[in-house]
Amino acid sequence: MQSTNLTRGQNQWSALDWWPPIGWWPEPARDLLDPGSVTASATFVLLPKAESVHSARSFAAGTLAGWDMTDLQDGMELVVSELATNALRHGLVLSAPRAREVIRLSLIRRGALVTCAITDPGSAEPVLRDPSPFEPGGLGLHIVESLSVRWGWCPLAPQGKAVWAVLSG
């Protein structure tokens, strides 16, 4: 897992800024990009409730269909489900005013690559766990790792993070 700073020139991206900033791509995955590739992005705000995971999957499927990239749909729906569930379960700050808590799903296309990035106000680092055989759950990030070309996370200022995964068509 890789952590990177989201500084770009003199700008520092904030958890309260609109996401993604123009031209954003995870720094540890920049070597995957082809110069001059088609670029597009779409963003969806998730409400802090369990039903948002289904809405996020539907948004991802519709976005990929619009980009004529349905070959990524099954894998992307699983990645979106896992990352959105983690953001809702672990990324919300219960002591913070609910109005300031925003979870965003962004799909960023660069040629045949699509990054799923989920931002949340939490500061806890996502961790690959090895759950016991009888423990329900705990394999979400293993699923993300197995379906993506690369994945990781980066902190946002003054708090929050973006967890991302790059899928290839």
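Residues numbered from 1 in each chain as written. Predicted model: local features only at pLDDT ≥ 70, side-chain atom pairs only at ≥ 80, totals over all residues. Heavy atoms only, no water.

Chemist: Would you explain the overall build of the chain in this entry?
Modeler: The helix and strand inventory of the chain stands at three helices and seven strands. Along the chain, helices and strands appear, N-terminal first, in the series β-β-β-α-α-β-β-α-β-β. Counting only residues that meet the buried cut, the chain has 46% of its 169 residues in that class. Looking at the chain alone, contacts between residues at least 24 apart form 66% of all its contacts between residues at least 6 apart. Looking at the chain as shown, the accessible area adds up to about 8,700 Å², and 53% of this sits on carbon and sulfur atoms. (Helix = DSSP H or I, 4+ residues; strand = E, 2+ residues; numbered from the N terminus. Buried < 20%, exposed > 50% of the residue type's maximum accessible area, 1.4 Å probe, protein only. Contact = heavy atoms within 4.5 Å. Areas by Shrake-Rupley, 256 points an atom, 1.4 Å probe, with all protein chains shown as cover.)

Chemist: Help me out: how do you make sense of the sheet that holds strand 7 (residues 161-168) in this one?
Modeler: Sheets are built from strands that pair by backbone hydrogen bonding, the pairs being arranged parallel or antiparallel. Reading across from one edge, 3-4-5-7-6 is the order of the five strands in this open sheet, with antiparallel pairing throughout. Each of the sheet's edge strands pairs with one partner strand only, and the pair in question is strand 3 (39-46) and strand 6 (150-155). Strand-to-strand twist of the sheet, defined as the mean angle between neighbouring strand axes without regard to direction, takes the value 15 degrees. Bridge analysis of strand 5 (residues 113-120) against strand 7 gives eight bridges, and the strand direction is antiparallel. (Pairing = 2+ DSSP bridges. Axes fitted to C-alpha atoms, helices over the stretch in contact; angles between N-to-C directions.)

Chemist: What am I meant to see in helix 1 (residues 52-66) here?
Modeler: For an α-helix the count is 3.6 residues per turn, leaving residues at separations of three or four pointing the same way. With 15 residues, helix 1 ought to run about 21 Å at 1.5 Å a step, and its terminal C-alpha atoms sit 21 Å apart, in line with that. All of the buried residues in helix 1 are Ser52, Val53, Ala56, Phe59, Ala60, Ala61, Thr63 and Leu64. In this structure, the buried residues of helix 1 make contact with strand 3, helix 2 (73-91), strand 4 (103-110) and strand 5. The positive-phi residue at the C-terminal boundary of helix 1 is Asp68, with phi of around 55 degrees. (Expected span 1.5 Å × (residues − 1).)

Chemist: Any chance you could explain the packing of aromatic side chains here in plain terms?
Modeler: Each pair of aromatic rings is reported with the distance of its centres and the angle of its planes. All chains considered together, the criterion is met by one aromatic pair. Their ring planes at 20 degrees and their centres at 5.0 Å tell us that Phe44 and Phe59 sit as a pair that is stacked. In this pair, Phe44 sits in strand 3 while Phe59 sits in helix 1, placing the two residues 15 residues apart along the sequence. Judged by its relative accessible area of 24%, Phe44 is partly exposed. (Phe/Tyr/Trp six-rings, centres within 6.5 Å; stacked < 30°, edge-to-face > 60°.)

Chemist: Whenever I open this one, the packing of helix 2 against helix 3 (residues 140-147) confuses me. Can you help?
Modeler: In a packed pair of helices, the relevant descriptors are the angle between the two axes and the axis-to-axis distance. Two elements in contact, helix 2 and helix 3, have axes whose closest approach is 9 Å; the angle formed by their N-to-C orientations is 145 degrees. As helix 2 packs across helix 3, the resulting crossing turns out to be left-handed. Contacts between helix 2 and helix 3 pair Gly75, Leu78, Val79, Glu82, Leu83 and Asn86 from the former with Gly140, Leu141, Ile143, Val144 and Leu147 from the latter. Partitioning the contact of helix 2 with helix 3 into residue classes produces seven nonpolar, three polar and one charged. (Left-handed = near helix turned anticlockwise from the far one by under 90°. Nonpolar A, V, L, I, M, F, W, Y, C, P; charged D, E, K, R; others polar.)

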